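If you want the building blocks of each chain, they are given just below.
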Amino acid sequence: ITSGGVVTTLAGTAGSTGSADGTGSAARFYNPTGVAVDGNGNVYVADLSNSTIRKITSGGVVTTLAGNPGVPGLVNGTGSAARFNGPLGIAVSPSGQVVLADSGNHRITTAAPYLTTAATASGTVGVVFGGFTITANGLMGTYGATGLPGGLTVNPTTGVISGTPTAAGTYAVTLSATNVYGQTGTAALSLTVAPNIPPIANAGGPYTLTGGGSLVLNGASSHDQDLGDELVAYACDINNDGVFGDLTGAQPALLRSAFSLAAGNRTISLRVTDSKGAVNTATAVLSVVGGNDSHFSVYGASSGQGDKAANPYAGLVQASDGRFYGTTYYGGFYNAGTIFRINADGTGFFVLRSLNYQTDGGYPSAGLVQASDGKLYGTMTNGGSIGYGTIFSLAMDGSFTVLHSLEYTTDGGNPTAGLV
């Protein structure tokens, strides 16, 4: 009944008795005597002659919450296993607990909790599973789950299911919630765990390195096998010490460093990681001719730019190692400019950093300065995490750090001059 006195039938049909679950007029009751409403708009009915508790959603969908229609009795249990004898009054506590006046049994009782958790969930092998919590009406004491895949557990206090699945498959999980009165409700959960297929790593090669030359370790043929997945990181072991820390970075970043290598053949390794955390490695043979202080580049994926650099707007600075360092406005993997070096005799041109507009900033208009710590410092005219340029440092081995991303209203933005 609305506040204006308009009466409508939420469920059931006038003059038709019975005990049928259904929607609206398809449902049947037999002498309903008490109703109560919870905070979600669900209506609970004490169905006297059926000796059951019924639930009606705000959409008019009727289900039997507890009891067995037409079978009175005195049994504490869950769902249809419970028995009542002529229930009359019903109420819902602020916590959602249903309380019933079981008239024929001369008692006040509570209904077992019903679970409000989703019926399906999904995860991936090797990926942290999160965000699933068992929920139920009423004052809960403990939660449980049986049939979980390996690697997953349930917190009995919070109902949170967490962990990292170890095996793929579809699992029929039984969820449970026990209230403070010792009554337990259950629900089924279909949990699908997808396999995490490792990526394919390809280190290319074989390679030959002579003198102080540069080597491009081409990992562009590496790829992922999972639908909707992608490679997100490369790591290389150039020193052949088993530690993949010589070169690291995100696809398709151009990674570089310098190494002193003895002459001879060695195995170098490339490790790739996909967005779901799966890894794989590949090796290649490197032949070093003569003692070597060499520089390595790792290409994650071809962008059509490679080591190309173009349109320098500023001059060069000669660093403490005798080499000249500078910037270009265009070129590089992302065509957002580069930072490069060149020997004093014009040989050994080498791109130290191919600028990523979104993270590094890009289109540098100014040159570099070398500080007392030996690092090179400069500015990016545009880009960075905010979009108005950055201030950065660059170590002599090519390690790049954004010191500050400029915010236009507070810092100013788009610098066209260098630092001093």
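You'll find the structure just up there.
Engineer: Whenever I open this one, the pairing of strand 16 (residues 207-210) confuses me. Can you help?
Structural biologist: On a regular strand, one side chain projects to one face of the sheet and the next to the other, so that they alternate. Burial along strand 16 is one-sided: Tyr207 and Leu209 are buried, and none of Thr208 and Thr210, which face the opposite way, are. Bridging between strand 16 and strand 22 (residues 279-289) involves four bridges; their strand directions are parallel. The partner of tyrosine 207 across the bridge, within strand 22, is leucine 286.

Engineer: Sorry, what's going on with the nonpolar core here?
Structural biologist: Nonpolar side chains tend toward joint burial in soluble globular proteins. In terms of nonpolar packing, the biggest core is built from 21 residues, with Ile161, Val173, Leu175 and Leu191 touching the most fellow members. Broken down by secondary-structure element, the contributors of at least two residues to this core are strand 10 (129-133), strand 11 (140-146), strand 12 (152-154), strand 14 (169-179) and strand 15 (184-194). Counting residues per element, this core draws most heavily on strand 14, at four residues. Setting aside its immediate chain neighbours within four residues, leucine 175 contacts Leu115, Thr117, Phe132, Ile134, Gly144, Ala145, Ile161, Gly185, Thr186, Ala187 and Leu189.

Engineer: What is the right way to read the packing of aromatic side chains from this model?
Structural biologist: The geometry of an aromatic ring pair comes down to the distance between the two centres and the angle between the two planes. Applying the stated rule across the entire model yields seven aromatic pairs. With a centroid separation of 5.2 Å and 40° between ring planes, the pair formed by tyrosine 329 and tyrosine 363 is classed as tilted. Pair noted here: tyrosine 329 is in the loop between strand 26 (324-328) and strand 27 (330-331) and tyrosine 363 is in the loop between strand 29 (350-354) and strand 30 (369-370), with a separation of 34 residues, a long-range link. Assessed through its relative accessible area of 22%, tyrosine 363 is described here as partly exposed. Ring geometry for tyrosine 388 versus tyrosine 408: centroids 5.1 Å apart, planes at 40°, classification tilted. Separated by 20 residues along the polypeptide, tyrosine 388 in the loop between strand 31 (376-380) and strand 32 (390-394) and tyrosine 408 in helix 1 (residues 408-411) bring together distant segments of the chain. Through a chain of ring-to-ring contacts, the aromatic side chains of Tyr313, Tyr329, Tyr330, Tyr357 and Tyr363 assemble into a single cluster.

Engineer: What's the story with the pairing of strand 4 (residues 52-56) in this structure? I'm lost.
Structural biologist: In terms of burial, strand 4 is a largely internal element, five of the five residues being buried. Of the two faces of strand 4, the one holding Thr52, Arg54 and Ile56 and the one holding Ile53 and Lys55 are both buried throughout. Judged from the five bridges that link them, strand 3 (residues 43-47) and strand 4 form a sheet pairing that is antiparallel. Each residue of the ladder has a partner; that of valine 43, found in strand 4, is isoleucine 56. Between the end of strand 3 and the start of strand 4, which pair antiparallel, lie four residues, with serine 51 showing a positive phi angle near 55°. The sheet contact formed by strand 4 and strand 5 (residues 61-66) spans four bridges and is antiparallel. By the bridge assignment, isoleucine 53 is partnered in strand 5 with alanine 66. Remark: four residues form the turn of the hairpin made by strand 4 and strand 5, two consecutive strands paired antiparallel; glycine 60 in that turn has positive phi of roughly 85°.

So, how was this worked out
Residues numbered from 1 in each chain as written. Predicted model: local features only at pLDDT ≥ 70, side-chain atom pairs only at ≥ 80, totals over all residues. Heavy atoms only, no water. Buried < 20%, exposed > 50% of the residue type's maximum accessible area, 1.4 Å probe, protein only. Helix = DSSP H or I, 4+ residues; strand = E, 2+ residues; numbered from the N terminus. Pairing = 2+ DSSP bridges. Core = buried A, V, L, I, M, F, W, Y, C linked by side-chain atoms within 4.5 Å. Contact = heavy atoms within 4.5 Å. Phe/Tyr/Trp six-rings, centres within 6.5 Å; stacked < 30°, edge-to-face > 60°.

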